[in-house]
Amino acid sequence: MSGTDTVDDVVATIARSAIEIRQGLVGRRGKADVENPSGETQAEADIWADELLAERLTSIDGVAQYASEERSEIIDCEDEAYCVAVDPLDGSSNLKSNNTMGTVFGIYDEPLPAPGSALVASGWILYGPITTMAYARDGTVTKYELTGGEPSVVEEDVTLPDDPLVYGFGGRVPDWPADFREFAREIESDSSNKLRYGGAMIGDVNQVLTYGGIFAYPALEDSPRGKLRLQFEGNPIAYLIEAAGGRSSDGSQSILEVEPTDLHDRVPLHVGNAELIDRLEDVLE
Ligand SMILES: O=P(O)(O)OC[C@H]1O[C@](O)(COP(=O)(O)O)[C@@H](O)[C@@H]1O
Ligand SMILES: [Mg+2]
Ligand SMILES: [Mg+2]
């Protein structure tokens with residue numbers, strides 16, 4: 001994966017940096033006294049990981065823009081071609097309790113903010129008991145283990161298992177709109193489904209990729225666009241889950257069809273096995 005084109009260079013750089021990010025979490029578990037563009041208090045590690053990725057990714061030939069959940073403005077580079085959007089640390093509130101976190105990336109061939117249809121590749125790093133990467137390009141998904149050297153492939157042509165097993169829904173239940181509550185009740189009452197919610201989208205979505213099922217951070221009564229960000233979280237996740245044979249939805253259409261109006265737009269996110277997303281859209285109609 002190293003050095004054949006800009007997209008490969010970006011992915012190889014993120015994979016290498018992930019090992020450093022993981023090690024650098026030690027000593028950076030506190031909060032910084034600053035808010036990100038979404039109005040959330042940043043962790044020291046959010047800021048540090050963003051700066052590390054910005055420095056590395058903007059120096060790659062062919063990278064035109066770098067943008068992240070943790071900074072208001074896009075960094076424009078002199079090159080033209082690919083625009084990289086990252087969530088440097090997904091689930092950073094899990095730093096305190098030392099639970100799962102991730103890094104999410106999307107590589108677009110249009111200036112940001114761009115719709116998910118402009119993605120050429122996306123993926124995520126999962127900082128679990130070991131560090132893994134799920135990566136989608138050209139309609140196929142590959143899983144890797146990362147140790148610092150060349151990423152080693154553990155599975156090619158990854159697809160969601162046919163029989164869904166896990167579900168995880170973000171937000172407080174009383175804040176869910178009535179139609180989403182009805183859908184959630186339907187999923188819960190099916191005895192073949194198990195609840196899995198860890199407070200880091202990447203951990204929960206990776207379980208859906210592994211076992212089949214559904215993850216959602218839905219629209220909330222007082223936040224109709226939900227919580228998760230379209231450029232940095234929604235689009236990259238949707239691109240990968242769709243490449244793995246699943247579906248994504250903002251409630252009525254694929255996340256990849258949502259037109260952005262602002263770099264830090266939020267989007268109601270639902271991803272998983274196609275049959276479950278179809279059922280969700282029927283209920284939310
Ligand atoms: O604390 P809540 O409301 O369950 O929210 C958890 C969700 O927020 C997030 O932590 C948001 O991501 P960041 O940590 O990158 O801001 C998701 O990973 C997770 O699914
Ligand atoms: Mg996140
Ligand atoms: Mg984050």
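The rules behind the values
- Residues numbered from 1 in each chain as written.
- Chains lettered and ligands numbered in written order.
- Predicted model: local features only at pLDDT ≥ 70, side-chain atom pairs only at ≥ 80, totals over all residues.
- Heavy atoms only, no water.
- UniProt positions renumbered as here; feature names shortened; annotations may be inferred.
- Helix = DSSP H or I, 4+ residues; strand = E, 2+ residues; numbered from the N terminus.
- Domains from an automatic or database assignment.
- Contact = heavy atoms within 4.5 Å.
- Buried area = accessible area lost by both parts, 1.4 Å probe.
- Salt bridge = Lys/Arg side-chain N within 4 Å of Asp/Glu carboxyl O.
- Polar contact = N/O pair within 3.5 Å; in protein donor to acceptor, adjacent residues only side chain to side chain.
- Near = heavy atom within 4 Å.
- Areas by Shrake-Rupley, 256 points an atom, 1.4 Å probe, with all protein chains shown as cover.
- Nonpolar A, V, L, I, M, F, W, Y, C, P; charged D, E, K, R; others polar.
- Donors = N, O, S within 2.8 Å, 3.2 Å for Na, K, Ca; no water.
- Buried < 20%, exposed > 50% of the residue type's maximum accessible area, 1.4 Å probe, protein only.
- Pairing = 2+ DSSP bridges.

Labelled according to an unreviewed UniProt entry, the chain appears under the name Fructose-1,6-bisphosphatase class 1, originating from Natronorubrum halalkaliphilum. The record held by UniProt for the chain lists under Sequence similarities (unreviewed entry) the comment "Belongs to the FBPase class 1 family." Taken directly from UniProt, the Subcellular location (unreviewed entry) text for the chain runs: "Cytoplasm".

Participant: What is the right way to look at the UniProt feature "domain: Fructose-1-6-bisphosphatase class 1 C-terminal" (unreviewed entry) in the chain in this model?
Facilitator: When the UniProt feature table is mapped to this numbering, "domain: Fructose-1-6-bisphosphatase class 1 C-terminal" (unreviewed entry) covers residues 161–284. Secondary structure over residues 161–284 splits into 38% helix and 15% strand, and the C-alpha atoms at its two ends are 25 Å apart.

Participant: Is there a simple way to think about the domain arrangement of the chain in this case?
Facilitator: Where the parts come together, the accessible area they lose is often given as the size of the interface. Structurally, the chain comprises domain 1 (6–155) and domain 2 (166–284). Taking the mean C-alpha position of each, domain 1 and domain 2 sit 21 Å from one another. Taken together, the contacts link 46 residues of domain 1 with 32 residues of domain 2. Counting the surface lost from both domain 1 and domain 2, the interface buries some 2800 Å², and carbon and sulfur atoms represent 62% of this. One can count two salt bridges joining domain 1 with domain 2. In this structure, glutamate 40 and arginine 229 form a salt bridge, with 3.0 Å as the shortest nitrogen-oxygen distance. Seen at the junction of domain 1 and domain 2, the total is 16 residue pairs in polar contact (both at pLDDT 80 or more). Of all the secondary structure elements, the ones that give two or more residues to the side of domain 1 that touches domain 2 are strand 3 (63–68), strand 5 (82–90), strand 6 (101–108), strand 7 (119–127), strand 8 (131–137) and strand 9 (140–146).

Participant: Mind showing me how you'd approach the site of ligand 1 here?
Facilitator: Near ligand 1, the surroundings consist of 17 residues, among which Asp90, Gly91, Tyr197, Met201 and Tyr217 are the closest. Between aspartate 90 and ligand 1, the recorded distance is 2.8 Å, taken from a side-chain N or O atom to an oxygen atom. When the free accessible area of ligand 1 is taken as 470 Å², the share hidden by the protein chains comes to 82%. When residues of the shell around ligand 1 are traced back to their parent elements, those giving at least two are strand 5 and strand 13 (213–217). Taken together, the residues of the shell around ligand 1 sort by class into seven nonpolar, three polar and seven charged.

Participant: I tried to follow the coordination of the magnesium ion (ligand 3) on my own but got confused; where do I start?
Facilitator: Reference geometry at the metal: tetrahedral coordination by four donors gives ideal angles of 109.5 degrees; octahedral coordination by six donors gives 90 or 180 degrees. Surrounding the magnesium ion (ligand 3) are the protein donor atoms Glu69 (OE), Asp87 (OD) and Leu89 (O), at 2.2 to 2.3 Å. Donor residues for the magnesium ion (ligand 3), ordered by position in the chain, follow E-x17-D-x1-L. A spacing of 3.7 Å is found between the magnesium ion (ligand 3) and the magnesium ion (ligand 2), which share aspartate 87 as a donor. Look at aspartate 87 and you get buried, because its relative accessible area is 0%.

Participant: I'm lost on the pairing of strand 5 in this one. Help?
Facilitator: Along a regular strand, successive side chains alternate from one face of the sheet to the other. Across the nine residues of strand 5, eight count as buried, placing the element largely inside the fold. Pairing geometry for strand 3 and strand 5, over five bridges, is parallel. Across the sheet, residue glutamine 65 finds its bridge partner in strand 5, namely cysteine 83. Note: strand 5 against strand 6, six bridges, orientation antiparallel. If you follow alanine 85 over to strand 6, its bridge partner there is glycine 106.

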